[in-house]
Amino acid sequence: MSRVGDSLAQIDFARQYTLARVETIDLSDWFTIPSGCVSHLAWQVGHIAMAKYRICLERLRPRTTEDEQLIPDDFLKTFARESAPDTVIGFNASQIRAIYDSVHARVLAELPECPETDLDLAPLIPHPLFKTRMAGLVYAPLHEMIHCGQIAIIRRMLGYDPVW
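Quick summary incoming for the structure in this document. (Residues numbered from 1 in each chain as written. Predicted model: local features only at pLDDT ≥ 70, side-chain atom pairs only at ≥ 80, totals over all residues. Heavy atoms only, no water.)

**Looking at the layout of surface pockets**
Here the largest pocket is characterised by a volume of approximately 410 Å³. If you go around the largest pocket, you meet 17 residues; those closest to its centre are His-47, Met-50, Arg-59, Arg-81 and His-127. Contributions of two or more residues to the lining of the largest pocket are made by α2 (41–58) and α6 (133–157). Take the lining of the largest pocket: its biggest share by element is 6 residues, from α2. (1 Å grid on protein atoms, 1.4 Å probe; cavity = no way out; pocket = protein on both sides within 12 Å on 5 of 7 lines; lining within 4 Å. Points joined across faces, edges and corners; volume = space filled by probe spheres on them. Helix = DSSP H or I, 4+ residues; strand = E, 2+ residues; numbered from the N terminus.)

**A word on the side chain of Thr-18**
Secondary-structure assignment places Thr-18 in helix α1 (residues 3–22). From its side chain, Thr-18 meets the backbone oxygen of Ala-14 in a polar contact 2.9 Å long. (Polar contact = N/O pair within 3.5 Å; in protein donor to acceptor, adjacent residues only side chain to side chain.)

**So, the packing of aromatic side chains**
For the structure shown, the criterion picks out 5 aromatic pairs. Aromatic pair Phe-75 and Phe-79: ring centres 4.5 Å apart, planes at 45°, arrangement tilted. The exposure class of Phe-79 is buried, given its relative accessible area of 0%. Taken together, the ring pairs in this structure connect Phe-75, Phe-79 and Phe-91 into an aromatic cluster. Lying over the aromatic face of Tyr-17, Arg-21 brings its terminal NZ or CZ to 3.8 Å of the ring centre. (Phe/Tyr/Trp six-rings, centres within 6.5 Å; stacked < 30°, edge-to-face > 60°. Buried < 20%, exposed > 50% of the residue type's maximum accessible area, 1.4 Å probe, protein only. Lys NZ or Arg CZ within 6 Å of the ring centre and 35° of its normal.)

**Some words on the environment of Ala-109**
With respect to the helices and strands, Ala-109 occurs in helix α5 (residues 93–110). Given a relative accessible area of 51%, Ala-109 falls into the exposed group. Considered as a pair, Ala-109 and Asp-67 are 42 residues apart in the sequence and their alpha carbons are 14 Å apart.

**Quick notes on the pattern of salt bridges**
All chains considered together, the criterion is met by 14 salt bridges. Its salt-bridge partner being Arg-3, residue Asp-120 comes within 3.0 Å of it at the nearest N-O pair. Residue Asp-120 is located in the loop between α5 and α6, and its partner Arg-3 is located in helix α1; the two are separated by 117 residues in the primary sequence. Owing to a relative accessible area of 52%, Asp-120 belongs among the exposed residues under this scheme. The exposure class assigned to Arg-3 is partly exposed, which follows from its relative accessible area of 30%. In this structure, Arg-63 and Glu-68 form a salt bridge, with 3.2 Å as the shortest nitrogen-oxygen distance. (Salt bridge = Lys/Arg side-chain N within 4 Å of Asp/Glu carboxyl O.)

Geometric values such as these leave the question of function open.
Printed below as a string of C-alpha cells:
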C-alpha cells in the first residue's frame, strides 16, 4: 500500500471509531455542556471537521472556491483551536454533522490524487506539530482520536451508556 493509502486507512479508522460514538447522541444534546465539563458535542465535531480540512486538504493544496461551499470561512473560525464552545452560533447540529461528513468524503476523494513525492514537502501552511505533509497525514487521525476521547466523556456525562 502507498503512504497515502496507509494514511487514508488510519484517517478512516479514526472517523469510524468517532462516528460510533457521535451517532448515538441525539441532536438535541449536541449543544449541552454537562455539569463539570467545558465542551459540548457540537464543538468537538465541528473542530474535528475544521482540523481535518486544514491538515488534510488546505496544507496540501491552496484553498479553492469550492472549499468555501464545503467548509465556509465562518465555520473555520467558529471551530478553530482557540475557539470556545459558547461561541458556536450560526450552525445547528445537522449543519455541523453535514460539514463533518462532507470534509471526510472530500479527504477520501482527494488524497489518493496527491503525488507521493509531495508528501515529503513542507505543508503549505506551517504547523508546530509536523514539518512535512506526510507527518500531517499521520497526525490527522491522532488528532481525531484525542477529540473522540472527549466525545466519549461528554456522552457519558450526558447519561449515555458507554460504546465499546
